[in-house]
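A closer look at the structure
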Amino acid sequence: MVNAGAMSGSGNLMDFLDEPFPDVGTYEDFHTIDWLREKSRDTDRHRKITSKSKESIWEFIKSLLDAWSGWVVMLLIGLLAGTLAGVIDLAVDWMTDLKEGVCLSAFWYSHEQCCWTSNETTFEDRDKCPLWQKWSELLVNQSEGASAYILNYLMYILWALLFAFLAVSLVRVFAPYACGSGIPEIKTILSGFIIRGYLGKWTLLIKTVTLVLVVSSGLSLGKEGPLVHVACCCGNFFSSLFSKYSKNEGKRREVLSAAAAAGVSVAFGAPIGGVLFSLEEVSYYFPLKTLWRSFFAALVAAFTLRSINPFGNSRLVLFYVEYHTPWYMAELFPFILLGVFGGLWGTLFIRGNIAWCRRRKTTRLGKYPVLEVIVVTAVTAIIAYPNPYTRRSTSELISELFNDCGALESSQLCDYINDPNMTRPVDDIPDRPAGVGVYTAMWQLALALVFKIVITIFTFGMKIPSGLFIPSMAVGAMAGRMVGIGVEQLAYHHHDWIVFRNWCRPGADCVTPGLYAMVGAAACLGGVTRMTVSLVVIMFELTGGLEYIVPLMAAAVTSKWVADAFGKEGIYEAHIHLNGYPFLDVKDEFTHRTLATDVMRPRRGEPPLSVLTQDSMTVEDVETLIKETDYNGFPVVVSRDSERLIGFAQRRELILAIKNARQRQEGIVSNSIMYFTEEPPELPANSPHPLKLRRVLNLSPFTVTDHTPMETVVDIFRKLGLRQCLVTRSGRLLGIITKKDVLRHMAQMANQDPESIMFN
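These figures come from a predicted structure and were not determined experimentally.

Conventions used here
Residue positions are given per chain, counting from 1 as you read along its sequence in written order. Local features in this predicted model are restricted to residues of pLDDT 70 or higher, and side-chain atom pairs are both shown and tallied only at a pLDDT of 80 or more, whereas totals for entire chains, interfaces and linings draw on every residue. Hydrogens are left out, water is left out, and the side-chain values use all remaining heavy atoms of the structure. Interaxial angles span 0 to 180 degrees and are taken between N-to-C directions of axes, which are lines fitted to C-alpha atoms, for helices over the stretch in contact. Under the scheme used here, helices are H or I runs from DSSP no shorter than 4 residues and strands are E runs no shorter than 2 residues, and both carry numbers assigned from the N terminus. Here is the rule for angles: anything less than 35 degrees is roughly parallel, anything more than 145 is roughly antiparallel, 65 through 115 is roughly perpendicular, and the remaining ranges are oblique. The hand of a helix crossing depends on one turn: near helix anticlockwise from the far one by less than a right angle means left-handed, and clockwise means right-handed. Only heavy atoms enter the contact rule, under which two residues are in contact if any of them lie within 4.5 Å. Using a 1.4 Å probe on the protein chains alone, a residue whose accessible area is under 20% of its type maximum counts as buried, one over 50% counts as exposed, and one in between counts as partly exposed. Think of the arc as the fan of directions from the helix axis to the C-beta atoms. Any two strands between which DSSP finds at least two bridges are classified as paired. We call a set of buried residues a nonpolar core when its members are Ala, Val, Leu, Ile, Met, Phe, Trp, Tyr or Cys and they connect through side-chain atoms within 4.5 Å of each other. By convention in this document, the label disulfide applies to cysteine sulfur atom pairs within 2.5 Å. UniProt positions are given in the numbering used here, feature names are shortened, and annotations may be inferred rather than shown by experiment. The working definition used for a salt bridge is a side-chain nitrogen of Lys or Arg within 4 Å of a carboxyl oxygen of Asp or Glu. Only rings of Phe, Tyr and Trp enter the pairing, Trp through its six-membered ring, and a pair is recorded when the two centres are within 6.5 Å. The plane angle decides the type: under 30 degrees is stacked, over 60 is edge-to-face, the rest tilted. Any Lys NZ or Arg CZ found within 6 Å of a ring centre and within 35 degrees of that ring's normal is scored as a charge over the ring.

Quick notes on the packing of helix 13 (residues 332-362) against helix 18 (residues 469-493)
Interaxial distance between helix 13 and helix 18 falls to 11 Å at its minimum, and their mutual angle equals 150°. Accordingly, the angle class assigned to the pair helix 13 and helix 18 is roughly antiparallel. Handedness of the helix 13/helix 18 crossing: right-handed. Where helix 13 abuts helix 18, its residues P334, L338, F341 and W345 lie against S472, V475, A479, G480, V483 and V487.

So, in structure tokens, the structure goes:
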């Protein structure tokens with residue numbers, strides 16, 4: 001049923017490499033690569049290097065350098081990605097604090113760094129030091145009162161608007177591809193699609209700068225997703241320095257898979273999670289060799305970030321926690337409830353965000369991206385400032401929500417009523433009744449939760465770099481912390497209930513609200529992205545909470561089940577479909593009973609297939625055919641009568657070969673006969689010089705019969721990364737199926753608009 005010749009790596013496909021001409025084997029923008037062909041080219045290249053290496057010492061050294069080039073690229077990606085992530089972290093820290101005040105001793109210090117260097121700071125008032133001045137103190141010399149509050153409020157809004165305006169202007173003018181999270185496009189590129197400029201140097205530079213600006217502006221977005229895009233830009237830059245990767249799009253995608261792992265590694269300080277994220281979420285083709293290289297790139301990136309030490313705590317991660325109590329079986333019930341909440345939030349967010357993004361695409365709203373960013377930033381800043389939980393950066397908020405209440409904590413969330421007779425070691429404080437601060441914090445968190453849920457829907461997808469990991473985790477952490485405090489107070493006041501009797505005695509430290517925040521964060525992130533394995537690993541690497549794997553797993557699986565009940569797509573797949581990228585998702589199942597003959601072109605009533613004959617067409621005939629059609633390639637047959645298939649010629653290579661022949665070979669004119677056979681056809685004596693084009697012919701194109709089930713065809717396209725597949729019956733050509741036809745057919749079968757597949 002399937003042509004086995006195509007599996008063997010297209011033996012004769014690359015015989016034109018013996019006499020190559022420029023640009024052959026490259027692809028045009030918004031086209032899909034041919035994975036089989038790229039694989040075969042790499043095999044040929046490798047064979048040539050191996051045979052040459054035995055000729056001389058110099059060739060042997062060159063073969064060693066070629067073998068090591070992959071590891072060198074990984075090293076360079078890890079170093080650059082780690083450095084950029086460290087710089088972004090430090091810059092965000094400083095610019096976020098700049099909205100509230102400035103350090104007098106050195107304006108480039110953040111609030112924390114400023115107070116570190118001060119000799120007058122006490123432990124109790126560690127956030128207050130004379131060297132750090134709020135804008136009201138600096139401008140009108142007042143630190144308290146209504147006028148000081150209003151002035152600080154205005155300065156906060158002005159800085160936020162300035163940062164956001166700068167970011168959206170830079171993106172619009174210099175690098176339109178630097179907007180969004182980048183992960184949907186990275187997934188599409190890794191599946192074999194070409195988007196030129198998406199991973200370019202300008203995109204890298206602008207995305208790095210604007211990422212700092214938008215995160216500092218206080219908008220409800222994170223830097224984690226865009227860091228994957230930044231790391232892939234680094235990967236693309238370094239792979240262009242080595243011909244092994246720059247001339248082979250398939251090999252380049254192996255490097256980009258590893259770069260994505262390095263991106264997550266530095267975003268969360270989670271190298272293993274990064275490798276699993278690349279494997280589970282973004283990669284399309286992930287051989288074992290890429291797994292090792294991803295591991296190495298993630299290691300180097302994490303090591304580089306650790307050397308820069310942006311958080312000043314000698315740790316890779318911002319959210320390191322140490323809980324002193326184990327979890328109990330009865331707590332699985334609230335953990336699963338948080339999983340349900342995460343799944344529901346994921347569904348709400350995906351539906352709301354996609355509806356808003358579709359509205360942006362189809363109405364006049366999309367014509368004013370700068371105005372949209374300014375309005376959303378103004379609304380965010382105005383509503384966020386009065387509430388201490390939305391005013392601070394989202395990362396700091398999550399960090400505080402994850403924290404356990406120790407004896408030295410000054411947070412409102414730790415304002416419990418202490419027992420004066422308490423004589424216990426400092427790190428094992430028993431459960432206590434909640435004080436006024438905790439109740440204040442609870443309603444402030446509830447308001448912050450509602451605000452975050454609504455504003456994130458409108459923020460993600462604007463024309464600025466925007467990640468989704470941190471806002472999703474913040475929503476879950478707020479919900480989780482509130483549930484945790486609720487369970488803790490219930491256990492304290494009703495420790496004689498049958499649920500608590502076995503594990504919660506009076507005076508014991510039973511419930512850790514911070515753990516609930518951590519589980520809630522994992523549940524909400526899982527609900528939005530539908531990650532499971534990589535999510536749990538990222539969460540325990542992120543927090544160091546190794547013994548809490550079971551609660552995290554329970555919440556992640558529950559949130560995926562609940563979210564999948566409402567729709568199988570995660571946010572990235574939803575955005576891929578919204579933008580019409582030609583992405584065949586490995587996770588999708590095709591269960592309809594259609595055949596190849598139902599999908600192939602031409603259909604009944606359509607003009608016949610455009611084909612080339614092996615030895616009867618002139619150069620002018622072929623040039624006219626190319627001019628009048630926009631197909632990516634043409635099947636080559638023996639003659640129009642027999643329709644016996646010989647091979648397949650790519651459009652771009654035909655154009656290049658004819659152009660090259662006209663320049664280099666004498667006697668090639670418009671009425672020269674073109675032939676694809678080994679021997680030239682017999683021609684009259686006075687006819688012009690014929691043109692042999694066998695070297696651009698793929699002699700083993702992938703073929704299926706007209707009765708092949710579409711389920712099999714979809715599987716072939718998915719697993720082999722084909723661009724097109726020819727349909728034959730007993731060796732006679734009947735039609736062609738392209739990747740776009742497959743996607744259209746799948747959309748039609750799912751009752752969606754088949755024309756939503758916009759690109760070639």
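Structural notes on helix 25 (residues 619-628)
The set of residues buried in helix 25 consists of V619, V622, L625 and I626. End-on view of helix 25: buried residues confined to an arc of 130°, all on one side of the axis. Of the exposed residues in helix 25, the ones pointing more than 90 degrees away from its buried face are K627 and E628. Of the surrounding elements, those touching the buried residues of helix 25 are strand 3 (612-613), strand 4 (617-618), strand 5 (633-637), helix 26 (651-664), strand 7 (673-675) and strand 8 (691-692).

Quick look at the sheet that holds strand 11 (residues 724-729)
Ordered in space as 10-11-12, the three strands form an open sheet in which the pairing is mixed. Each edge of the open sheet is held by one strand with a lone partner, namely strand 10 (703-705) and strand 12 (732-738). Sheet twist, expressed as the mean angle between neighbouring strand axes with direction ignored, is 35°. The pairing of strand 10 with strand 11 spans three bridges and is classified as parallel. When the sheet's bridge partners are listed, V704 is paired in strand 11 with V727.

A few points about the nonpolar core
It is characteristic of soluble globular proteins that their nonpolar side chains tend to be buried jointly. In this structure, F402, M473, M539 and I737 are the most contacted members of the largest nonpolar core, which totals 173 residues. Setting aside residues no more than four positions away along its own chain, M539 makes contact with F402, M473, M518, A521, A522 and L552. Ranked by size, the runner-up nonpolar core spans 20 residues in total, among them L654, A661, V696 and L697.

Regarding the state of the cysteines
Scanning the model with the defined rule gives three disulfides in all. Each disulfide pairs two cysteine sulfurs, and for C405 the partner residue is C414, the sulfurs being separated by 2.0 Å. Taking the torsion about the sulfur-sulfur bond, which here is approximately -85°, the covalent link between C405 and C414 counts as left-handed. Owing to a relative accessible area of 13%, C405 belongs among the buried residues under this scheme. Under the relative-accessibility criterion, C414 is labelled buried at 14%. Residue C233 stays outside any disulfide, its sulfur separated by 7.0 Å from that of C234, the closest cysteine.

Some points on the UniProt feature "domain: CBS" (unreviewed entry) in the chain
Taken from the UniProt record, the annotation "domain: CBS" (unreviewed entry) applies to residues 600-666 and 697-755. The annotated region residues 600-666 carries 36% helix and 22% strand content, and the separation between its end C-alpha atoms amounts to 41 Å. Annotated as residues 697-755, this span is 37% helix and 31% strand, and its ends, taken at the C-alpha atoms, are 31 Å apart.

A word on the sheet that holds strand 5
Judged by pairing direction, the sheet is mixed, and its four strands sit side by side in the order 3-5-6-9 without closing on themselves. The sheet terminates laterally at strand 3 and strand 9 (697-698), the two strands that pair on one side only. Pairing of strand 6 (residues 645-650) with strand 9, which is carried by two bridges, proceeds in the antiparallel orientation. Across the sheet, the residue bridging to A649 is L697, located in strand 9.

Topic: the pattern of salt bridges
Tallying each qualifying case throughout the model produces 27 salt bridges. Notably, a salt bridge pairs D42 with K251, separated by 3.9 Å at the nearest N-O pair. Of this pair, D42 sits in helix 1 (residues 35-52) while K251 is found in helix 10 (residues 249-268), placing the two residues 209 residues apart along the sequence. Owing to a relative accessible area of 5%, K251 belongs among the buried residues under this scheme. With a closest N to O distance of 3.2 Å, K223 and D89 form a salt bridge. Linking K223 in the loop between helix 7 (201-216) and helix 8 (224-239) with D89 in helix 2 (residues 57-98), this pair joins segments that are 134 residues apart in sequence. Taking relative accessible area as the criterion, D89 reaches 10% and is therefore assigned buried. Through salt bridges with shared partners, a single network forms among D42, R45, D66, K251 and E254.

Some details on the packing of aromatic side chains
One pass over the full model with this rule turns up 25 aromatic pairs. Each member of the aromatic cluster is reached from another via a ring pair, and the members are W94, F107, W108 and Y109. Lying across the ring of W71, R293 places its NZ or CZ 5.3 Å from the centre. Above the plane of the ring of Y385 lies R391, whose end atom (NZ or CZ) is 4.1 Å from the centre.

Considering helix 28 (residues 739-749)
Helix 28 sits mainly inside the fold: nine of its eleven residues count as buried. Packing partners of the buried residues in helix 28 comprise helix 24 (596-599), helix 27 (710-720) and strand 12. Just downstream of helix 28, N751 is the residue with a positive phi angle, here 60°.

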